[in-house]
Number of protein chains: 4
Amino acid sequence: MAHKAAILGASGYAGGQLVRLLDDHPAIDVVYLGAHTWAGQTLSAAHPQLAGGDRIMGPIDVNMLPDTDIAFLALPHGESWNIGSSLAQRNVKVVDLGSDFRLDSDDRYYEAYGQHHPRAEELSLWVYGLPELFGPAISAAGRVAAPGCYPTSALLALAPLVQEGIIDIDGIIIDAISGVSGAGRKVSADLTFGAVAEGVRAYGVFTHRHRPEIEAGLELFVGAPASTVFTPHLAPMQAGLLSTCYGQLVGSPGDVESVLKDFYADARFVDVIDRPPQTRWVVGSNRALLSTHTDERTGKVIVLSAIDNLGKGAAGQAVQCANLMLGELEDTGLTSAGWLP
Amino acid sequence: MAHKAAILGASGYAGGQLVRLLDDHPAIDVVYLGAHTWAGQTLSAAHPQLAGGDRIMGPIDVNMLPDTDIAFLALPHGESWNIGSSLAQRNVKVVDLGSDFRLDSDDRYYEAYGQHHPRAEELSLWVYGLPELFGPAISAAGRVAAPGCYPTSALLALAPLVQEGIIDIDGIIIDAISGVSGAGRKVSADLTFGAVAEGVRAYGVFTHRHRPEIEAGLELFVGAPASTVFTPHLAPMQAGLLSTCYGQLVGSPGDVESVLKDFYADARFVDVIDRPPQTRWVVGSNRALLSTHTDERTGKVIVLSAIDNLGKGAAGQAVQCANLMLGELEDTGLTSAGWLP
Amino acid sequence: MAHKAAILGASGYAGGQLVRLLDDHPAIDVVYLGAHTWAGQTLSAAHPQLAGGDRIMGPIDVNMLPDTDIAFLALPHGESWNIGSSLAQRNVKVVDLGSDFRLDSDDRYYEAYGQHHPRAEELSLWVYGLPELFGPAISAAGRVAAPGCYPTSALLALAPLVQEGIIDIDGIIIDAISGVSGAGRKVSADLTFGAVAEGVRAYGVFTHRHRPEIEAGLELFVGAPASTVFTPHLAPMQAGLLSTCYGQLVGSPGDVESVLKDFYADARFVDVIDRPPQTRWVVGSNRALLSTHTDERTGKVIVLSAIDNLGKGAAGQAVQCANLMLGELEDTGLTSAGWLP
Amino acid sequence: MAHKAAILGASGYAGGQLVRLLDDHPAIDVVYLGAHTWAGQTLSAAHPQLAGGDRIMGPIDVNMLPDTDIAFLALPHGESWNIGSSLAQRNVKVVDLGSDFRLDSDDRYYEAYGQHHPRAEELSLWVYGLPELFGPAISAAGRVAAPGCYPTSALLALAPLVQEGIIDIDGIIIDAISGVSGAGRKVSADLTFGAVAEGVRAYGVFTHRHRPEIEAGLELFVGAPASTVFTPHLAPMQAGLLSTCYGQLVGSPGDVESVLKDFYADARFVDVIDRPPQTRWVVGSNRALLSTHTDERTGKVIVLSAIDNLGKGAAGQAVQCANLMLGELEDTGLTSAGWLP
């Protein structure tokens, strides 16, 4: 029997992709769509591209939800912690695509957000939802905080190499480029077509909140503190994310690619390929493509990591986590190929 | 038991979309991928975005094909007629996405292509594969010529209104805009990013070969000769096609929308909506979105028609035809929503 | 000695292009930049791409203006009529890029805008600023209403052919495609990169306000009432406008191109070329490129007309008008080639 | 009296921008346009966007050139060394936009290109044409090798900080993103719209030939050998280049911005601004925009550097060099603002 799911925050980009994926998911039934400002309107008003567009989105109110096995939260920062906790306390499994529960400590939260976490004591109840690194914990979890798009791409590239002692945990630089859907569906002067097309820019230099998340993820995986530099850029495309990750080689150059290939040998969604991956090749899918490059002259290792920021970087990964939490096969409903022609 | 299918011309844009759709199709198994210049290479070399990329594409040679129930031909103009006939004679059902068998007579073929059809006597053996207009014939057919992208969008918009006497069969103008994948995967100076981005252009003015196809389709459906003007344009986007169809109102203004809605009441893939459709809303799906607009001052009717040129305008429609030919539900494997966020 | 000019509405797209053109104009000195919400801020804040970015924009207040010979108004609809009149009464020459004074009568204004013109009695004081059609009147004028971008492209294509009796004044259809800067610099959900990229749409079907303006311009030039159909579309590009103009041939097919070439033989900015013009070829310049196409089968004439909506369709044309009004050579400061590589 | 100039390689992207700039240059007359495969055709055939399109391009043959004071070479790699030398020997000043004479030694040339330079003994006769770093040498030179686009952006960002001891000469990483015109006007499957739009990619990882050029430029300026890592990326835009340059802070954090501002205090085309520069702000101009960012936690300095790859990164910089070589003001003909709206 299919699991019942609610999607809260269905009107946004990640929410729309969740609807798309879960509508085609053979083991999950979407029983509720919730939204804030779009509540009362049809799904089609927010997402004309989706099927079943005449479904009405309801409010985001835990008391309005029908009986459901799992809830996906795709809400702006700061809006998950309350409803996420409430749902979990009612024994609803929760996958939060937002950033409220991704960091492991109030200190790190304070570093990232400049304020204390309103439910700091609950942070430890949430599992960081990167299945390739923390699969067993996710399978056992009732509360999963799905990673941000940049941390997903960076951690997939770096964590195994750091853990195996191939690259130094210090001195890592992650230089990343994202399509505009990474900024969410907000309407601002900086995100009009006229302001985005035909240009690239860096933003959040040294201050982006995904940097502490990357360090938290690395530390969680390898058990040692990490210090990284992270620079995100915006490119004129709708989706896709490429991280160019620089590390200092401390192991053998010959091991870089083989360690990564071995680590992901059984990973359904991660492929290590022999040419630089393009974001075009993953957009629409849950795949991550990695390639490794070593420079003996400088001792630098580069790992390129391409994902769909809305797929493996958001909705796809959330469904992957849900599959584990619900005891389904990891790739159920996630077999779609990339869609760019 | 699943039907076995071959895809010939798997390396092109339409071929790639066929692979994507049929790999997820629950009632069809892809047993052969054929290509010309890409033969011997992996699917991944041609389509890094697809799953199952290590499949090797074989030659396009009827004698090399394994036993198969149906074959999809996604070949350049002039390359289908020979192999299409051969396959049909071996009792393989054939869906040809190319233009070799779309026109109903050698005269019209000569008008469009400036030469006689090499197998003119076989033209009548092929059914024009626009299911919403010619569904029963397709269901009974062994050979189907799937329509071009522009004719699909124009005929869906116009044919019911002409048939019902709402707009005049003469004086129709179709002004259409397509993304660049409509030109196929060819490499030419006119199709580089530097030549396409930030610009629009008309092409094939009064000479495009889809104009005779539109007229053939109209004539086939309403039983009277049609004379149309068709102007295609290229816009800087990868996929999507919008036709702005102008007709002279001869019926009642109030009937325009209702006639179209009634005609498509049971159509799984065609929706008549109340605002101008955007191509973004259909790219990735097999849907067509129509809207109608009437101007009493000039007596003009405009029907806007948006499709994905690679979906309803190519691979999606071919699969829809195949479903009918194979006795499956019309929408099997075609439930995907649009993919643009 | 250089003429002194004020630019009111400097913060918008057209205003920014005016600054760019006039800063390089050898006979005009920009002495004032005015803006509404951007008043008090630097030019660079609104237009980081412009030189002289540390100039402070002042308010749009006729009493704050320094002594100036000419004023360019690049303001939203409804904001020009008051200040435009005030400036003209003070013997400042005025070129209004907005739509307040483009229509020739209050009736037509009411048709377009659904309300009466607040200074209907002044409409006749303004000259319609399309120099190729109304050059002498512009040269003699103190008040010029520069045409909209769509009317510019359509009238250049059609007016000479209608006047010479080559195409019928009735039954004209203008199907046009514009880049997003045509919508101005407003921030709305419909104009985000995520809503515009990878899609095309029609808008204002049968209701766009440029249709009455096109008819007014035709009527003014040929002296007979015109009835047209006009359908604008939005394409994912920043600038550029292509009109595909359909007319019924009533003259000789052989005359279409020659009449247009003769008419524009001495026109500095209009070229009739022998292939369909691309918007890429004119963006950044004040040029209009036309091509003609005739179909004897249907008796239809198509004239394609490509301009830069911000150039010949706005700021370039305004400067061209100003040159005439100020007694300068028509192309002073307007020799720039297109800028797309 | 104006200087006479020839442009050899007028049909390419950089050549077209040279024509655009020099046609508007008050002190330079273009007397010859040369091309290889386009020889015999009009300028308009290659560059429909340019004025004076009926000029015929002649062959690239030193014996066919009219008397000229200066020649600009915008030729593919390997095609400048012969004609460049010949012209220089005839006392024609030469600005080579290609890469044949940029490197300072045959060793470095071999490292970059895997073969020995055919005229290694002449390498020392050419001056590296980055005016902000090597202005006096350029003013005195008859042969100037204009830098590549990536080295221009990187050296402007880094050279002053390395020279002043603010950042370490070792361990520098340059992560850069370019528009597609950087690849030149070649027609290849990788550069079609369908392959570029909606995607980003890294290329030439650890192997791009601009890395040795960056190191040569740094070494020439600061007098000490440099070792860098350089990773170029391609983004879906026509022009513009952003370098994100990482260095290790060895000086005082407070000096980073002030050193750069002081160094460029009199530079006409370089501005150090207080927010991350966008490539949109410089495309079409000869400007470079820099911003500095310091992270005390990791001791890293980031300098962002935005240029137009065809402007300051190619044609604009070549004209700037020519101005110096010809005794004109450095910014003659280069005052254009950026053109994106």
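> What should I look at first to understand the relation of the copies chain A and chain C in this one?
Mapping between the two copies of the chain is achieved by a rotation about an axis and a shift along the axis. When chain A is fitted to chain C, the best match, at an RMSD of 0.0 Å, comes from turning it 180 degrees and sliding it 0.0 Å along the axis. Here the copies are linked by what is in effect a two-fold axis. A share of 100% of interface residues in chain A that are also interface residues in chain C marks the association as one of identical surfaces.

> Just checking my understanding: could you explain the pairing of strand E9 (residues 227-234) of chain C for this structure?
Moving residue by residue along a regular strand, the side chains alternate between the two faces of the sheet. Residue and element names in this part refer to chain C. Of all the 8 residues making up E9, 7 are buried; the element is thus mostly covered by neighbouring parts of the structure. As judged from the 2 bridges shared by strand E8 (residues 201-202) and E9, these two strands associate in the antiparallel manner. Within the sheet, the bridge partner assigned to alanine 202 lies in E9 and is histidine 233.

> What should I look at first to understand the relation of the copies chain B and chain C in this one?
Relative to chain C, chain B is turned by 180 degrees and slid 0.0 Å along the rotation axis, the superposed coordinates differing by an RMSD of 0.0 Å. A share of 100% of the interface residues of chain B reappears at the interface of chain C, consistent with the copies meeting face to face through the same patch.

> Please clarify how the sheet that holds strand E2 (residues 28-34) of chain C should be interpreted in this entry.
Either a parallel or an antiparallel arrangement is found when strands of a sheet pair, and the pairing is made through backbone hydrogen bonds. Residue and element names in this part refer to chain C. With respect to topology, 6 strands assemble into an open sheet ordered E2-E1-E3-E4-E6-E5, the strand pairing being parallel. In this open sheet, the two strands that pair with only one neighbour each are E2 and strand E5 (127-128). Relative to strand E6 (residues 143-145), strand E4 (residues 93-96) is paired through 3 bridges, and the arrangement is parallel. By the bridge assignment, valine 95 is partnered in E6 with valine 144. Packed on one face of the sheet, helix H10 (residues 311-326) meets strand E1 (3-8), E2, strand E3 (70-73), E4 and E6 and runs near 160 degrees to E4.

> What am I meant to see in the sheet that holds strand E12 (residues 288-295) of chain D here?
Residue and element names in this part refer to chain D. With mixed pairing, 7 strands are arranged side by side in an open sheet as E8-E9-E7-E10-E13-E12-E11. Across the chains shown, the open sheet's two edge strands, defined by having one partner strand only, are strand E8 (201-202) and strand E11 (270-272). The pairing of strand E10 (residues 241-248) with strand E13 (residues 300-307) spans 8 bridges and is antiparallel. If you follow glutamine 248 over to E13, its bridge partner there is lysine 300.

> What exactly am I supposed to notice about the pattern of salt bridges here?
Once their charged atoms are close, side chains differing in charge can pair, the charge on each being opposite to the other. One pass over the structure, following the stated rule, counts 56 salt bridges over all chains. With a shortest N-O distance of 3.2 Å, Asp104(B) and Arg108(B) are connected by a salt bridge. Assessed through its relative accessible area of 11%, Arg108(B) is described here as buried. Where Arg287(B) meets Asp271(B), a salt bridge forms, and the shortest distance between an N and an O atom there is 3.4 Å. Of the two residues, Arg287(B) sits in the loop between strand E11 (270-272) and strand E12 (288-295) while Asp271(B) sits in strand E11, which places them 16 residues apart along the sequence. Judged by its relative accessible area of 16%, Arg287(B) is buried. Each member of the salt-bridge network shares a partner with another, and the members are Glu111(A), Arg211(A), Glu215(A) and Arg297(D).

> How should I be thinking about the interface of chain A and chain C in this particular structure?
How big an interface is tends to be stated in terms of the accessible area lost upon association of its parts. Contacts between the two partners involve 16 residues from chain A, matched on the other side by 16 residues from chain C. When the two sides are added together, the surface that chain A and chain C hide from each other amounts to roughly 1,300 Å², 69% of it contributed by carbon and sulfur. In terms of surface lost to chain C, no three residues of chain A exceed Val187(A), Phe193(A) and Gln238(A), which account for 52% of the buried area on that side. Inspection of the region where chain A meets chain C yields 0 salt bridges. Across the contact surface, chain A and chain C share 4 residue pairs in polar contact (both at pLDDT 80 or more).

> Explain helix H9 (residues 255-263) of chain B here, please?
Think of an α-helix as 3.6 residues a turn; residues three or four steps apart then line up on the same face. All names here are of chain B. Of all the residues in H9, the buried ones are Val256, Val259 and Leu260. Looking straight down H9, one finds its buried side chains confined to an arc of 95 degrees; they lie on one side. In this fold, the buried residues of H9 make contact with helix H6 (149-163), E11, E12 and strand E13 (300-307).

> Hey, could you run me through helix H10 (residues 311-326) of chain D in this one?
Residue and element names in this part refer to chain D. With 16 residues, H10 extends just 19 Å between its outermost C-alpha atoms, more than 12% less than the 22 Å of an ideal straight helix rising 1.5 Å per residue. By the largest-angle criterion, glutamine 317 marks the main kink of H10, which is about 50 degrees. Of all the 16 residues making up H10, 16 are buried; the element is thus mostly covered by neighbouring parts of the structure.

> Looking at this structure, I do not really get the side chain of Arg119(D). What am I missing?
Residues and elements named next belong to chain D. Tracing the backbone through its elements, the reader meets arginine 119 in the loop between helix H4 (106-113) and strand E5 (127-128). Residue class for arginine 119 comes out buried when judged on its relative accessible area of 18%. Setting aside anything within four residues of it in sequence, one finds arginine 119 in contact with Trp81, Asn82, Ser85 and Gln89.

Procedures and definitions
Residues numbered from 1 in each chain as written. Chains lettered and ligands numbered in written order. Predicted model: local features only at pLDDT ≥ 70, side-chain atom pairs only at ≥ 80, totals over all residues. Heavy atoms only, no water. Least-squares fit on C-alpha atoms with pLDDT ≥ 70 in both. Contact = heavy atoms within 4.5 Å. Buried < 20%, exposed > 50% of the residue type's maximum accessible area, 1.4 Å probe, protein only. Helix = DSSP H or I, 4+ residues; strand = E, 2+ residues; numbered from the N terminus. Pairing = 2+ DSSP bridges. Axes fitted to C-alpha atoms, helices over the stretch in contact; angles between N-to-C directions. Salt bridge = Lys/Arg side-chain N within 4 Å of Asp/Glu carboxyl O. Buried area = accessible area lost by both parts, 1.4 Å probe. Polar contact = N/O pair within 3.5 Å; in protein donor to acceptor, adjacent residues only side chain to side chain. Arc of directions from axis to C-beta. Expected span 1.5 Å × (residues − 1). Bend = angle between axes of the 7 residues up to and from the residue.

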